[in-house]
Amino acid sequence: MDTAQFISKSSIKSIEKASFTWQTPSNIALVKYWGKSNPQIPKNASISFTLNNCHTITTIDFQRKSNADRVSETGKLVDFDLFFEGKRKEEFKPKIAEFFTRIQEYCPFVFGYKMTIHSENSFPHSSGIASSASGLSAIAMCLMSLEFKLNSELSQEFINKKASFLARLGSGSASRSIEGPLVVWGKHSEIEGSSDLFGVPFPYKIHSVFNKYQDVILLVDKGEKQVSSTVGHNLMHNHPYAETRFKQANENVTKLSKILQNGNLKAFVNLVESEALTLHAMMLTSNPYFILMKPNTLEIINKIWEYRLENNSNICFTLDAGANVHVLFPEEEKENVCQFIENQLAKYCQKNHYICDTVSFGATKL
Ligand code: DP6
């Protein structure tokens, strides 16, 4: 695999101080990534909608170290302080430190700087919404802004590609949080330009019915997950249905690619819900087995099915690795569906909380 293209050239310029701020979104997978090999290589291709309102804003201040400091730091860990919502967060540091270790080969310039990272999420911290995708993609964009300052010959296309490549090394799904509105990650014979190393914007013309597609996230359980995604991915290694699942996911990418181009919403609903339930079926059938859905997750699913039938609607749900439900629907159904959610689904959410979001275009420099 061609990872050499991502190793930064030794910098010609010397920059003492710099600061960059990026806002990057969360994303919701339609065909799921579940199962990987080292280093962060997915077992199947996945495809996601990029969100808008669920995002992270991150500023990194870079301060160049003195020569003496740089020499003494060689071979040591990358030097950074981390603040989350204004407070120092020691407990978040190991994941970020691990990320810097994985990317140091591609961004050796990070050793030359002391970094101060300030990060905040638009969604409540303990909402059960995974913040690793938006969090790590924001750090990746800040690093690419510095790399661009050190080497202004980099093209925008390369910057996005490398940012996705770096973000992937932090968290697989983060590779899909740089661009939008639809991103494919994982090599797939029918998606031109697709790669296991980084996400690419869906390369074909998308039917207009998917413009401004809506995602309302019902916060069923805001608690810490009992089983992390990383543990879940690992349980796919000796899973009896793993190979069939990876094959099915790739076939679903082929099917979804056609649906996204022809706008067949009935087929979209069927495929997206089947993917969500299959993801959870993999959890139910792994060993050790586990259940991340809650009773209210099922109540909501049943209500969505009832509503769809009664109203000839194209509403559907998807799930990530947790109990929260993402309710997806076309923009033209917004008024009716939002009323249905407020009147009939909000009561299944913790403190009646839900977040209204729209599919969007990815990272923004602030
Ligand atoms: C169920 O990207 O969180 O949301 O690579 O270990 O950080 P790591 O896993 P992560 O897994 C996401 C799993 C998922 C499906 C998806 O987003 O495709």
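The coordinates are above.
If you're wondering where the values come from, they're calculated on a predicted model, not measured in any experiment.

**Here's the deal with the site of the ligand**
So, point 1. The ligand sits among 16 residues. The nearest are Y33, K36, S171, G172 and S173.
So, point 2. Here Q40 contributes a side-chain N or O atom positioned 3.3 Å from an oxygen atom of the ligand.
So, point 3. Between an oxygen atom of the ligand and a side-chain N or O atom of H233, the distance comes to 3.0 Å.
So, point 4. When the ligand is considered free in solution it has 460 Å² of accessible area, and contact with the protein chains removes 92% of it.
So, point 5. The biggest single contributor to the shell around the ligand is helix α5 (residues 229-234), with 3 residues.
So, point 6. Classifying every residue of the shell around the ligand by side-chain character gives 5 nonpolar, 7 polar and 4 charged.
So, point 7. Looking at the shell around the ligand, you find at least three residues from each of domain 1 (10-204) and domain 2 (210-358).

**Quick look at helix α2 (residues 93-103)**
So, point 1. When we look at burial in α2, the residues that qualify are K93, I96, F99, F100 and I103. Here the buried residues of α2 occupy an arc of 125 degrees about the axis, which is enough to place them on one side.
So, point 2. Contacts from the buried residues of α2 go to β5 (80-84), β7 (113-121), α3 (132-150) and α4 (156-170).

**Overview of the packing of α2 against α3**
So, point 1. With their axes 12 Å apart at the nearest point, α2 and α3 run at an angle of 45 degrees to one another. One way to sum up the angle between α2 and α3 is to call them oblique. Of the two elements, α2 crosses α3, and the hand of that crossing is right-handed. Two secondary-structure elements touch here, α2 through K95, I96, F99, F100 and I103 and α3 through S132, L136, I139 and L143.
So, point 2. Of the residues belonging to the contact of α2 with α3, the class tally is 7 nonpolar, 1 polar and 1 charged.

**Topic: α4**
So, point 1. Between its terminal C-alpha atoms α4 stretches 21 Å, which fits the 21 Å expected from 15 residues at 1.5 Å a residue.
So, point 2. Here α4 lies mainly inside the structure; 12 of its 15 residues are buried.
So, point 3. Within α4, burial applies to F158, I159, N160, K162, A163, S164, F165, L166, A167, R168, L169 and G170.
So, point 4. Buried residues along α4 sit in contact with β3 (41-42), α2, α3, β8 (182-185) and β9 (199-201).

What counts, and where the lines are drawn
- Here the residue numbers are simple positions, counted from 1 along each chain's written sequence.
- The predicted nature of this model means local features are confined to residues of pLDDT at least 70 and side-chain atom pairs, given and counted, to a pLDDT of 80 or more, with totals for whole chains, interfaces and linings taken over all residues.
- Note that the side-chain values use all heavy atoms of the structure and ignore hydrogens as well as water.
- Only a single heavy atom is needed: when it lies within 4 Å of a molecule or strand, its residue is near that molecule or strand.
- The definition of a polar contact used here is a pair of N or O atoms within 3.5 Å, where within protein one atom must be able to donate a hydrogen and the other to accept one, and adjacent residues in sequence count solely through side-chain atom pairs.
- Here, Shrake-Rupley sampling with a 1.4 Å probe gives the accessible areas, and only protein chains in the shown set may cover a residue.
- Per the convention used, a helix needs a DSSP run of H or I reaching at least four residues, while a strand needs a run of E reaching at least two, with both numbered from the N terminus.
- Under the scheme applied here, ten amino acids are nonpolar (Ala, Val, Leu, Ile, Met, Phe, Trp, Tyr, Cys and Pro), four are charged (Asp, Glu, Lys and Arg), and all others, including Gly, are polar.
- Domain segmentation is taken from an automatic or database assignment of domains.
- Throughout this description, buried means an accessible area under 20% of the type-specific maximum (1.4 Å probe, protein chains only), exposed means over 50%, and partly exposed covers the range between.
- An arc is given here, and it is the one of the directions from the helix axis to the C-beta atoms.
- What makes two residues a contact is simply this: any of their non-hydrogen atoms within 4.5 Å.
- In this analysis, axes come from line fits to C-alpha atoms, helices being fitted only over the stretch in contact, and the angle between any two N-to-C directions falls in the range 0 to 180 degrees.
- Geometric relationships in this document are graded by angle, where less than 35 degrees denotes roughly parallel, more than 145 denotes roughly antiparallel, 65 to 115 denotes roughly perpendicular, and other angles denote oblique.
- By convention, the crossing between two helices is left-handed when the near helix turns anticlockwise from the far helix through less than a right angle, and right-handed when the turn is clockwise.
- What a helix should span is 1.5 Å times the count of its residues minus one.

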